[in-house]
Amino acid sequence: MKKNFKEVVFSGVQPTGNLHLGNYLGAMKNFVELQKKMECIYCVVDLHAITVFQEPQELNKNILETTAGFLACGLDFKKSIIFNQSSVSGHAELAWIFNCVSRVGWMNRMTQFKEKAGSNKENASVGLYVYPNLMAADILLYKATHVPVGDDQKQHLELARDIAQKFNNDFRNENFFPIPEPLIQKKISRVMSLRDGKKKMSKSEESDYSRINLGDSEDEIKKKIKKAKTDSLPIPEKSEDLKNRPEALNLLTIYSSITDSTLEKTLKEMNGKDFSKFKENLSDALISTICPIGKKIQDLRKDKSYLLKILKEGSNRAREVSEHNLNKIKEIVGFI
Ligand code: TRP
C-alpha cells in the first residue's frame, strides 16, 4: 500500500432481510473493532439490493432494520459514517464511469453472478450483471484503502483493484486511486447453516432452524441450538480431527468466535465432552451476546425518526467526502 493514502475502511451490507449470526460474527463484530483503529464508512447498500426485485415497502423497512442492526451491534455514528447508498448520488455516477472502465471479459468471470442468475441468465437484471462495478464505485468513491470482506466477496474486491489500476493507467494518473486491500478475518471461517455444515448461514435458506437471527428470543436460541445438526462423536482434542465433521466444526467455531477465543483454546477447554453438554454452553454464550443486541434492535425499530436522522446525518458527511473526489474524477475523465 502506498503511504500517501489516508487509511479509510469501507464496507457495505445489503438491506434484504433480518440480520443473523453470520452477519454479526462475519461482519459487524469486526466493523466494531475496526472503528477503534481507523476511519470507517459503513453503508446500507440499497442500490445493490434492487438488482433483485424488492417490494418497495419491504425495502424501506429493511433499510431501517439494517441501520438499527448496525447501531445495536455497536457501530458508533459519531465516529464512523453510517448512511444508505441511494442518498449519495455519487455512487451511481461513479458506477457509470466504471461501467466504461471495466471489461465484459472481467464481468463474465464473476462467479457470484453465475450463482445468483442461475439457469435463467437471460432473465437476470442488467444491474445484477454489473453489480461488481457498483461495488468498486462504493469503495473508490471514498478512496478507501481497506475493505473487510467475507470469502464470497473476495473476487469482487479483486475486480475493484483491477478497475482502480486500469483507471489510473488509462488516465495516466498513477497514484489517483489507492488499490484497496482486503481485510479478511483469520480467526473465523464462515458461519455455516445449523442444518448443513457445508452451506453458509443465510437469510434465504427456507428453514428458520438453519440460523440464529439477531432478533431471536432466549427460547428460540435454545431450541435452535438443541436441534442443530452434529454427530455422535465427542469433542476431539485437535482441530485436524474436525476435518470431516463440518457441523461439529461449525458449532465449535461459533463458540470460539462469540467468546472471543480461538478454536484451539475451545478444544482444550471442551475436549472429551459430548455435544449435548457443549450445546448448553453454546446457548448460554449466544444468549448473553445476541439477546441484548436483539433487544436494542427492537427499541430502535420503534424510533423511526431517530433512525432517519442518523441516516441523514451520515449521508451528509458521506456526500461531503465523496463530492470532492467525484469532482476530481470528472475532471480527470474530461467532463466539464
Ligand atoms: N456486495 C456486498 C455483499 O453482498 C455488499 C457490498 C456492496 C460491499 N458494496 C460494498 C461490501 C463495498 C464491501 C465494500 O455482501
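Residues numbered from 1 in each chain as written. Predicted model: local features only at pLDDT ≥ 70, side-chain atom pairs only at ≥ 80, totals over all residues. Heavy atoms only, no water.

Engineer: Can you help me understand unusual backbone geometry in this one?
Structural biologist: We note that Lys-143 has phi near 50°; this positive angle belongs to a residue other than glycine. Inspection of the secondary structure puts Lys-143 in the loop between α7 (126–141) and β4 (146–148). Although it is not a glycine, Asp-260 sits at a positive phi angle of roughly 55°. Among the secondary structure elements, Asp-260 is positioned in the loop between α10 (246–258) and α11 (263–270). Look at Asp-260 and you get exposed, because its relative accessible area is 53%. (Helix = DSSP H or I, 4+ residues; strand = E, 2+ residues; numbered from the N terminus. Buried < 20%, exposed > 50% of the residue type's maximum accessible area, 1.4 Å probe, protein only.)

Engineer: Could you clarify how one ought to interpret empty space enclosed by the protein in this entry?
Structural biologist: Take a probe with the size of a water molecule and roll it over the atoms, and the empty space left behind shows itself. Throughout the structure, instances matching the rule amount to one cavity of 30 Å³ or more. The computed volume of the largest cavity comes to approximately 60 Å³. If you trace the largest cavity, you find it lined by Met-110, Gln-112, Phe-113, Lys-116, Leu-128, Tyr-129, Tyr-131, Pro-132 and His-156. Listed by contribution, the elements that provide at least two residues to the lining of the largest cavity are α6 (111–117) and α7. The element that contributes the greatest number of residues to the lining of the largest cavity is α7, accounting for four residues. Counted by class, the lining of the largest cavity contains six nonpolar, two polar and one charged residues. (1 Å grid on protein atoms, 1.4 Å probe; cavity = no way out; pocket = protein on both sides within 12 Å on 5 of 7 lines; lining within 4 Å. Points joined across faces, edges and corners; volume = space filled by probe spheres on them. Nonpolar A, V, L, I, M, F, W, Y, C, P; charged D, E, K, R; others polar.)

Engineer: Before we go on, may I ask you to explain the nonpolar core in this structure?
Structural biologist: Grouped burial of nonpolar side chains is what soluble globular proteins tend to show. Judged by nonpolar contacts, the single largest core of 59 residues is most densely connected at Leu-21, Tyr-24, Phe-278 and Leu-286. If one sorts the elements of this core by residue count, helix α12 (residues 275–301) sits on top with eleven residues. For this core, the domains that each give at least three residues are domain 1 (8–190 + 304–333) and domain 2 (208–298). Beyond its immediate chain neighbours, meaning those up to four positions away, Leu-286 contacts Leu-21, Ile-221, Ile-225, Ile-254, Ile-258 and Cys-291. Listed in part, the 40 residues of the second largest apolar core include Val-8, Val-88, Met-107 and Met-135. (Core = buried A, V, L, I, M, F, W, Y, C linked by side-chain atoms within 4.5 Å. Domains from an automatic or database assignment. Contact = heavy atoms within 4.5 Å.)

Nothing here speaks to function; it is all geometry.
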